[in-house]
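A structural walkthrough
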Amino acid sequence: MDFGELKETIERVELVDAHAHNLVAVDSSFPFISAFSEAADEALLFAPHSLSYKRSLREIAELYGCENSLRAVEEYRRSNGLEAIASKCFKAGRISAVLIDDGLKLDKKHEVEWHKSFAPFVGRILRIERLAEEILDKEMPDGSTWTLEKFTEIFVGSLKSYPLSLTVAHEIVGLKSIAAYRSGLEINTHVSRKDAEEGLSEVLCYGRPVRITNKSLIDYIFTHSVEVAVSFDLPIQIHTGFGDKDLDLRLSNPLHLRMLLEDKRFSKCRIVLLHASYPFSKEASYLASIYPQVYLDIGLAIPKLSVHGMTSSVKELLELAATKKVMYSSDGYAFPETYYLGAKKGREIIFSVLRDACADGDLTVAEATEVVKDIFTRNALGFYKINVVDGSFSLKDIATKTVNAEDRAQEYGVSFVRVIWVDTSGQHRCRVVPAKRFDHVIKKNGVGLTFASMGMTSFSDGAADETNLSATGEIRLIPDLSTKRRIPWIKDEEMVLADMHLRPGEAWEYCPREALRRVSKVLKDEFNLVMNAGFENEFFLLKNVLREGKEEWVPIDSTSYSSTSGFDAVSPIFHEVVAALHSLNITVEQLHSEAGNGQFEMASGHTICTNSADNVIFAREVIRAIARKHGLLATFVPKYALDDFGSGCHVHLSIWRNGENVFMASDRSSRYGMSTTGEEFMAGVLRHFPSILAFTAPVPNSYDRIQPNTWTGAYQCWGKENREAPIRTACPPGIVDGWVSNFEIKSFDGCANPHLGLSAIIAAGIDGLRRHLQLPDPVDANPATLHGKLQRLPLSLAESLEALKKDKVMEELIGEKLLAAVKGVRKAEVEYYLKDKEAYKRLIHRY
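Residues numbered from 1 in each chain as written. Predicted model: local features only at pLDDT ≥ 70, side-chain atom pairs only at ≥ 80, totals over all residues. Heavy atoms only, no water.

To keep things clear, this is the line we draw: UniProt positions are given in the numbering used here, feature names are shortened, and annotations may be inferred rather than shown by experiment.
With an unreviewed UniProt entry as reference, the protein is termed GS catalytic domain-containing protein, source organism Erythroxylum novogranatense. Recorded in UniProt for the protein, the comment headed Sequence similarities (unreviewed entry) runs: "Belongs to the glutamine synthetase family."

1. Regarding the overall build of the protein
Just so we agree on the cut-off: We count a stretch as a helix when DSSP gives it H or I for four or more residues in a row; a strand needs E for two or more, and each element gets its number in order from the N terminus. Here the radius of gyration uses the C-alpha set of atoms, whereas the globule reference equals 2.2 Å times the residue count to the power 0.38. Exposed residues in this analysis have more than 50% of their type's maximum accessible area, buried residues have under 20%, and partly exposed residues fall in between, with area computed by a 1.4 Å probe over protein chains only.
Looking only at helices and strands, one finds 28 helices and 27 strands in the protein. Against the 2.2 N^0.38 benchmark of 29 Å for 847 residues, the protein shows a C-alpha radius of gyration of 29 Å, consistent with a compact globule. Overall, the protein is about 90 × 70 × 60 Å in size when its C-alpha atoms are taken along their principal axes. Counting only residues that meet the buried cut, the protein has 60% of its 847 residues in that class.

2. Remarks on the confidence of the model for the protein
Our working definition: Values of pLDDT, ranging from 0 to 100, describe the predictor's confidence in every residue of the model. It only takes one pair of heavy atoms within 4.5 Å for two residues to be counted as in contact.
For the protein, the average pLDDT comes to 86, and 94% of its residues sit at 70 or higher. When the elements of the protein are averaged for pLDDT, helix α16 (residues 395-399) gives the smallest value, 40, and strand β6 (residues 271-273) the largest, 97. Under a pLDDT of 50 for its full length, residues 163-170 has, in the predicted model, 15 contacts with residues more than four places off or in other chains. With pLDDT under 50 throughout, residues 388-412 is counted as low confidence; its partners more than four residues away or in other chains account for 71 contacts.

3. Observations concerning the sheet that holds strand β1 (residues 15-20)
Quick reminder of the rule: Note: two strands are recorded as paired if DSSP finds a minimum of 2 bridges between them.
Ordered in space as β1-β2-β3-β4-β5-β6-β7-β9, the eight strands form an open sheet in which the pairing is parallel. A strand with exactly one partner marks an edge of an open sheet, and here the two such strands are β1 and β9 (326-327). In this sheet, strand β4 (residues 172-177) lies alongside strand β3 (residues 121-127) in parallel orientation, the contact comprising four bridges. Across the sheet, Arg127 pairs through a bridge with Lys176, a residue of β4.

4. Quick word on the pairing of strand β19 (residues 588-593)
Two faces, one strand: in a regular strand the side chains alternate between the faces of the sheet. With five bridges connecting them, β19 and strand β20 (residues 599-604) associate as antiparallel partners. Note on β20: the bridge partner recorded for Gln590 is Ala603. In textbook terms, the turn of a hairpin is the stretch between consecutive antiparallel strands, and for β19 and β20 this stretch comprises five residues, one of which, Gly598, has a positive phi near 70°.

5. Some remarks on the pairing of strand β26 (residues 727-730)
Of the two faces of β26, the one lined by Ile727 and Thr729 and the one lined by Arg728 and Ala730 are each fully buried. One ladder, built from three bridges, connects strand β25 (residues 718-720) with β26; its direction is parallel. When the bridges of β26 are listed, Lys720 appears paired with Thr729. Bridging between β26 and strand β27 (residues 742-745) involves four bridges; their strand directions are antiparallel. Among the inter-strand pairings, Arg728 is bridged to a residue of β27, identified as Glu744.

6. Topic: the packing of aromatic side chains
For any pair of aromatic rings, geometry is given as the distance between the ring centres together with the angle between the planes. Keep this limit in mind: Here is the rule: rings of Phe, Tyr and Trp (six-membered ring for Trp) pair when centre to centre is within 6.5 Å. Planes less than 30 degrees apart are stacked, more than 60 are edge-to-face, and the remainder are tilted. A ring is considered to have a charge above it if a Lys NZ or an Arg CZ atom is located within 6 Å of its centre and within 35 degrees of its normal.
All chains considered together, the criterion is met by 27 aromatic pairs. Between Phe459 and Tyr832, the aromatic rings sit 3.9 Å apart at their centres with planes inclined by 5°, giving stacked as the arrangement. Of the two residues, Phe459 sits in the loop between β12 (447-450) and β13 (474-479) while Tyr832 sits in helix α28 (residues 816-835), which places them 373 residues apart along the sequence. Taking the relative accessible area as the measure of exposure, Tyr832 reaches 24% and is therefore partly exposed. Here the aromatic residues Phe30, Phe32, Phe36, Tyr53 and Phe335 are joined through ring pairs into a cluster of three or more. The residue whose ring lies beneath Lys7 is Phe351, and the NZ or CZ to ring-centre distance is 4.7 Å.

7. Some thoughts on the nonpolar core
The criterion, for reference: Think of a nonpolar core as a cluster: buried Ala, Val, Leu, Ile, Met, Phe, Trp, Tyr and Cys residues, connected wherever their side-chain atoms sit within 4.5 Å.
Met531, Val685, Leu758, Ile761 and Met810 are the most contacted members of the largest nonpolar core, which totals 86 residues. If you tally residues by element for this core, the top one is helix α25 (residues 754-771), at nine residues. Setting aside chain neighbours within four positions, we find Ile761 in contact with Met531, Val651, Leu653, Phe681, Val685, Ile692, Ile745 and Phe748. Membership of the second largest hydrophobic core comes to 83 residues, among which are Ile10, Ala179, Leu234 and Ile236.

8. Let's talk about the packing of helix α23 (residues 689-696) against helix α26 (residues 797-805)
Note the following rule: Each axis is a line fitted through C-alpha atoms, taken for helices only over the stretch in contact, and angles between the N-to-C directions span 0 to 180 degrees. Each helix crossing is assigned a hand: it is left-handed if the near helix lies turned anticlockwise from the far helix by less than a right angle, otherwise right-handed if that turn is clockwise. Side-chain classes are defined by residue name, with Ala, Val, Leu, Ile, Met, Phe, Trp, Tyr, Cys and Pro counting as nonpolar, Asp, Glu, Lys and Arg as charged, and the others, Gly among them, as polar.
The contact between α23 and α26 brings their axes to 7 Å, and the two run at 115°. Our pair here, α23 against α26, has a crossing hand that is left-handed. Residues Pro690, Ser691, Leu693, Ala694 and Phe695 of α23 touch α26, and the partners they reach there are Ser800, Ala803 and Leu804. Split into classes, the residues belonging to the contact of α23 with α26 amount to six nonpolar, two polar and no charged.

9. A short note on the environment of Ala334
Position of Ala334 relative to the elements: it lies in the loop between β9 and α14 (336-360). Put simply, Ala334 and Arg476 are 142 residues apart on the chain and 40 Å apart in space, counted from C-alpha to C-alpha.

10. Some thoughts on α23
Among the eight residues of α23, eight are classified as buried, and the element is accordingly described as predominantly covered. Listing the buried residues of α23 in full gives Phe689, Pro690, Ser691, Ile692, Leu693, Ala694, Phe695 and Thr696.

11. With respect to the state of the cysteines
We apply this condition: In plain terms, two cysteine sulfur atoms within 2.5 Å form what is called a disulfide here.
Under the criterion given, the structure shown has zero disulfides. No disulfide involves Cys430; its sulfur sits 17 Å from the nearest other cysteine sulfur, which is in Cys511. What makes Cys511 buried here is its relative accessible area of 1%.

12. Concerning the side chain of Asn532
Structurally, the position occupied by Asn532 is in strand β17 (residues 530-547). On the accessibility criterion, Asn532 (1% relative accessible area) is buried. Non-local contacts of Asn532, meaning those with residues more than four positions away in its chain, are made with Glu83, His606, Thr607, Ile608, Cys609, His652, Leu653, Ser654 and Trp656.

13. Topic: the side chain of Ser654
Tracing the backbone shows Ser654 in strand β23 (residues 649-657). Leaving out residues up to four positions away in the same chain, Ser654 has contacts with Val530, Met531, Asn532, Asn661, Phe663, Ser741 and Asn742.

14. Section: a nonpolar patch on the surface
So the rule is basically this: Only residues above 30% relative accessible area that lack a salt bridge enter a patch, with like-charged residues linked at up to 9 Å and the nonpolar side chains Val, Leu, Ile, Met, Phe, Trp and Tyr linked at up to 5 Å. The Shrake-Rupley method, run with a 1.4 Å probe sphere, supplies the accessible areas, and residue values consider only the shown protein chains as cover. Whenever a carboxyl oxygen of Asp or Glu lies within 4 Å of a side-chain nitrogen of Lys or Arg, that contact is scored as a salt bridge.
Residues Leu255, Tyr286, Ile290 and Leu320 make up a contiguous nonpolar surface patch of about 370 Å² in total accessible area. Tracing the backbone shows Tyr286 in helix α11 (residues 281-290).

15. Side note on the pattern of salt bridges
This model, assessed by the stated rule, comprises 63 salt bridges. Asp246 is paired through a salt bridge with Arg211; the nearest N and O atoms lie 3.7 Å apart. Placement of Asp246 in the loop between β5 (236-238) and α10 (258-262) and of Arg211 in the loop between α8 (193-205) and α9 (215-231) is noted, with a sequence separation of 35 residues between them. The partly exposed category is assigned to Asp246, whose relative accessible area is 47%. Under the relative-accessibility criterion, Arg211 is labelled partly exposed at 42%. The residue Lys373 makes a salt bridge to Glu370 at a minimum N-O spacing of 3.0 Å. With a gap of three residues between them, Lys373 and Glu370 both fall in helix α15 (residues 365-383), about one helical turn apart. Using a relative accessible area of 1% as the deciding quantity, one classes Lys373 as buried. Taking relative accessible area as the criterion, Glu370 reaches 31% and is therefore assigned partly exposed.

This is the structure we're talking about:
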């Protein structure tokens, strides 16, 4: 029996992690060893001798490429920081959605919103007992003693306000009860008011913080919560089976829920039994088979048990329960590794169980393949009604990621995959291959590409002289599968960004994505820092008109900066653009019409710079394609018309250590509201700015934009919230007045390869850190009015190129070969545009 299709589906499926908890900061007091066990205190000392510990530690060490020891893994965590390891674990786990119960008390835990950097969809599960305790921890509004009537009013009112205000925003997707931990699962759905009142009095006698353990009060809270869940069609998760020692395991058997399940008032309430109800998995399977409202979840049992234990537990769940009722979760908590281990073992165990079911004759391979999609994705999407209306996440989006090449071509119409790269001149290029060939050949071996491709200019598709690149020699474009996305504007295609290798596994020195990784690694290794970036894309929307018998591209309007009517004219386009970007997991923070005719700006959220550079490429692709769909031309050219405003690609930058923004000052002793580390990094950027421009302003037309009095940064200076300075420190809403969270570089435009531009910035920042450079005083006036007191930035690409030729830091950190290609391409640009003054007009079709 051939299980290749089943295996491939298991490996490819994007996961909906339907039950998990918040991650904590690297320096949280919650010990990392707790990732491997439900034990605590002295019992935790024996955790390293369990089967699951030994297996899990080994698998984490393999993921990180470090020594197989707790010490080595913990050192890797400290040196890389939470954001980096979370990104690695979520990406390796192929996790597309996470539902977080944030009621677990953890030291230095991150809010639910924070997790959205790592998964396209993050929903919240509201823990009802925690909500009740938070209410009782507060004083009565009028200072009197709590009564059951007043508590009920506030508790039920709070519950109702959550669904009303937040399910519309798709944040709260369900409720959860931990009654099993407090008084057991024999819930009395007809608890008397008198018993509940006595229970409340007993709980309040113990003082604050309140911990509700009285059974009558818990049953009362549970019953009212289920009533709200039914009225708002919200599901409820119930902890069942094993957990820490607070729990009486005997009372966590889901068979105790009979009164609830038989209560006709609640027969429509969708209930999911968490943690495979281990060791009561057979009992849970039975309940799911006879009660239509009961569903099952496998988290915690996977990955906390031995392989045999996980396998037998899942097999027991499937003995009676319908496969449409079983859902995956990791029960991940505190540490990203718990999410990863759940995903990894979940795939392996489900494959093993379904393979055996096929061998036993219970399922065909085709049926088992559908079960995979149900358990890992589709069941949870339907159960929790995850279907965001703004397009950022939908059942269709995630379901299409679970199929193999033949399924994609036949069932979903995916026939082509675009393999995309961006060359030295910043142009987007792609090779298109059939989906079947991509899966069977290209994703492993890549696509062949001539050396000359990284030497092409903005005016010619041939390698420029002095780049050391020619038509002799070939590299491989190796798809980075973590970037593969369904194309939002064409239903039958996917796209993926590619790395450049001499051969699979051996990076080519000219690869821009590898250059950014390389220089980011230096920043990490030497200073334990990572750089985050967020881009503001400016662009023109042009329409085609006929003038004197000739076609011309002209701006779609002539409205003013932030014009409401200007936005109204293109609002339908931007609805499509934003929905498409959200489907690609790219956050849009704001958009508006700009000062130029037909000009607009779209700002994206910040993330680690390697991901941010990828996002810029996808964003440009989306904007161009959807504009084209509407008969318009979107162009990112820096100066579309010499008598109008120019377009930039401003970038906001911050530096982070162990998940904390360390660009910002920690106290008011700072001169400029930034830390010493932040000042040194930014001072390096300012010092090297003339040569950085060769990367961020890469064509002669870029310098038509960088002029005084245009908010583009024409002088070598920096300022606090000074938009005439090329480097501006920013204090956005929510930041303490006088402090700065990031700095903006304005002399970055849409012709730049974002990976190369960010590489140059990091290289300059590293030099600032190494040499402990200090900033000059900020400029708080228009630099153009200071009458020659400030150094003018390069007036042309030729001047910037001269600065780059003398910059030994760029040569060391970016690499001699790649730098030679950059210099060769830039020199060719200078020479060509000196001969053809009108050449910039043709750039609108290339950028």
